[in-house]
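One-letter residues, chain by chain:
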Amino acid sequence: MLTDTMHQAQILLPTPDNLSQLQQLLLQGELVAMPTETVYGLAGDATNPAAVAKIYSAKKRPPRNPLIAHYASLEAAAVDVEFNDIAYRLAKAFWPGPLTLVLPQKPDCRVCDLATAGLDTLAVRVPAHPIAHQLLTLCERPLVAPSANLSGQLSPVSAHQVLQSLGERISWIVDGGGCEKGIESTIVDVSTDVPVILRPGSITLTMLRAVVDTVQDFNPTDMHFPKAPGMLYRHYAPACRLRLTTDNPQTGEALLAFGEGPLPQGFDIVLNLSSEGDLEEAAAHLFAYLYQLEQAGVSGIAVMPIPDVDVGVAINERLRKAAESVIPAKAGI
Ligand code: TXA
Ligand code: MG
């Protein structure tokens, strides 16, 4: 039996025996960091307020920021939220996969109020990763799972990265290797007549519009009244300065490059998100490379421009937040 006597989280392989023990721990209200196709999530029983409280406390997450409930199937999600035609079409097209839908809760929704921050909607998603899927199937109930990092830090895309961020605050991490997409799910609010992207991700506007042509684009200037409360908070911050320009390289500064070049010269370390200029490859590398540079102790990160189309929109949203997080906005200065 897995025991929780270590001060440091244990990294476990996804063997059938380990997964069934983790299922029992989850049902007892324990937390498990698990891989998904987007990023690692810190999973807990969505129906158990004590488990949900542990998630907020482990992550130091602001309590007003609601969580996404994860399900094994569309049918399981439909137990807790009211699907409409648009939601159903999007779910059919993209689930299992990196799409989160915000929908009205049913009156008898099993997800506890603590997880939804008192909202009458619920964000739901059916992940495609086989390990997440197995745990969800075994538990036969929704699991809430925010990204498995301390609030405000980079989202983790490996078990090791979870260990670095939350290792002293949680007990169990399932190792599923790297995350295929590397960037969090696209969130679409389908609770009102006009569906709108609240957080860009690897399911792009073009992909969504091919299924539902009325989907409205993510609007970064809507941030004063964001419908996804998490978009308000400090986010995606590497431990060093990050800028979206590449002039005047500084001592010890790294270049986060994109494309085949020519690349700006004079940087001590260069990591290329995609030398072929492939945006999906760049998204998959984004958090892993930022983390690698943070670990290497660089003095700063200068980022080359990334085309603001397709998944580039999601990449740029994360990079803008990372740049703003490190140097707080100084009004008037
Ligand atoms: O890819 C993902 O979505 C990952 C993996 C682990 O599934 N999870 C993730 O969760 O990114 P988190 O907690 O880091 O981000 C959830 C976002 C937050 O911005 C939150 O405010 C928003 O979803 N959200 C949750 N419930 C919402 C709701 N009812 N209405 C609007 N936004 C909501
Ligand atoms: Mg997060």
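Computed from a predicted model, the values in this text were never measured in an experiment.

Visitor: Which residues make up the sheet that holds strand S7 (residues 143-144), and what are the values?
Guide: Reading across the sheet, the ten strands line up as S1-S8-S2-S3-S7-S4-S6-S5-S9-S10 and stay open at both edges, with mixed pairing between neighbours. What marks the edges here is a single partner per strand, and that holds for strand S1 (10-12) and strand S10 (196-199). Sheet topology places S1 next to strand S8 (residues 172-174); three bridges connect them, and they run parallel. Residue pairing across strands places Ile11 opposite Ile173, the latter belonging to S8. Across the sheet, helix H4 (residues 85-94) touches strand S5 (99-104) and strand S9 (186-189), and the angle it forms with S5 is around 155 degrees.

Visitor: Break down the sheet that holds strand S11 (residues 241-243) for me, with residues and values.
Guide: Taken together, the four strands give an open sheet; going across it, the order is S11-S14-S12-S13, and neighbouring strands pair in parallel fashion. Only two strands of the sheet have a single partner each, and these edge strands are S11 and strand S13 (269-272). Ignoring strand direction, the axes of neighbouring strands in this sheet form an average angle of 20 degrees. Taken together, the four bridges between strand S12 (residues 253-257) and strand S14 (residues 300-303) define a ladder with parallel strand orientation. Looking at the pairing, Leu255 lines up with Ala302 of S14. Where helix H9 (residues 279-295) meets the sheet, its contacts fall on S11, S12, S13 and S14, and the angle it forms with S13 comes to roughly 165 degrees.

Visitor: Can you explain the packing of aromatic side chains? Please cite residues and give values.
Guide: Enumeration according to the criterion identifies one aromatic pair in this entry. For the pair Phe83 and Trp95, a centre-to-centre distance of 6.0 Å together with 85 degrees between the ring planes defines the contact as edge-to-face. One end of the pair, Phe83, is in the loop between helix H3 (74-77) and H4; the other, Trp95, is in the loop between H4 and S5, with twelve residues separating them in the sequence.

Visitor: So what about the packing of helix H1 (residues 16-27) against helix H6 (residues 130-139)? Which residues, and what values?
Guide: In contact at an axis separation of 9 Å, H1 and H6 are set at 55 degrees when each is read in the N-to-C sense. Classified by the angle between their axes, H1 and H6 sit oblique to one another. Seen from above, H1 lies across H6 with right-handed handedness. The residues of H6 that touch H1, namely those facing Leu19, Ser20, Leu22, Gln23, Leu26 and Leu27, are Ile131, Gln134, Leu135, Leu138 and Cys139.

Visitor: Run through the nonpolar core, naming residues and quoting values.
Guide: Core analysis: the biggest nonpolar cluster contains 82 residues, and Phe83, Trp95, Leu101, Leu256 and Ile315 have the highest contact counts within it. A per-element tally of this core places H9 first, with nine residues.

Visitor: Describe in detail the packing of helix H7 (residues 159-166) against H9, supporting the description with residues and values.
Guide: Taken N-terminus to C-terminus, the directions of H7 and H9 make an angle of 55 degrees; their axes are 12 Å apart at the nearest point. When the axis of H7 is compared with that of H9, the two are oblique. The two elements H7 and H9 meet at a crossing, and its hand is left-handed. Contacts from His160, Gln161 and Gln164 of H7 reach H9 at Phe287, Tyr291 and Gln295. Among the residues making up the contact of H7 with H9, the classes are represented as two nonpolar, four polar and no charged.

Reading guide: rules and limits
Residues numbered from 1 in each chain as written. Chains lettered and ligands numbered in written order. Predicted model: local features only at pLDDT ≥ 70, side-chain atom pairs only at ≥ 80, totals over all residues. Heavy atoms only, no water. Pairing = 2+ DSSP bridges. Helix = DSSP H or I, 4+ residues; strand = E, 2+ residues; numbered from the N terminus. Contact = heavy atoms within 4.5 Å. Axes fitted to C-alpha atoms, helices over the stretch in contact; angles between N-to-C directions. Phe/Tyr/Trp six-rings, centres within 6.5 Å; stacked < 30°, edge-to-face > 60°. Parallel < 35°, antiparallel > 145°, perpendicular 65-115°, else oblique. Left-handed = near helix turned anticlockwise from the far one by under 90°. Core = buried A, V, L, I, M, F, W, Y, C linked by side-chain atoms within 4.5 Å. Buried < 20%, exposed > 50% of the residue type's maximum accessible area, 1.4 Å probe, protein only. Nonpolar A, V, L, I, M, F, W, Y, C, P; charged D, E, K, R; others polar.

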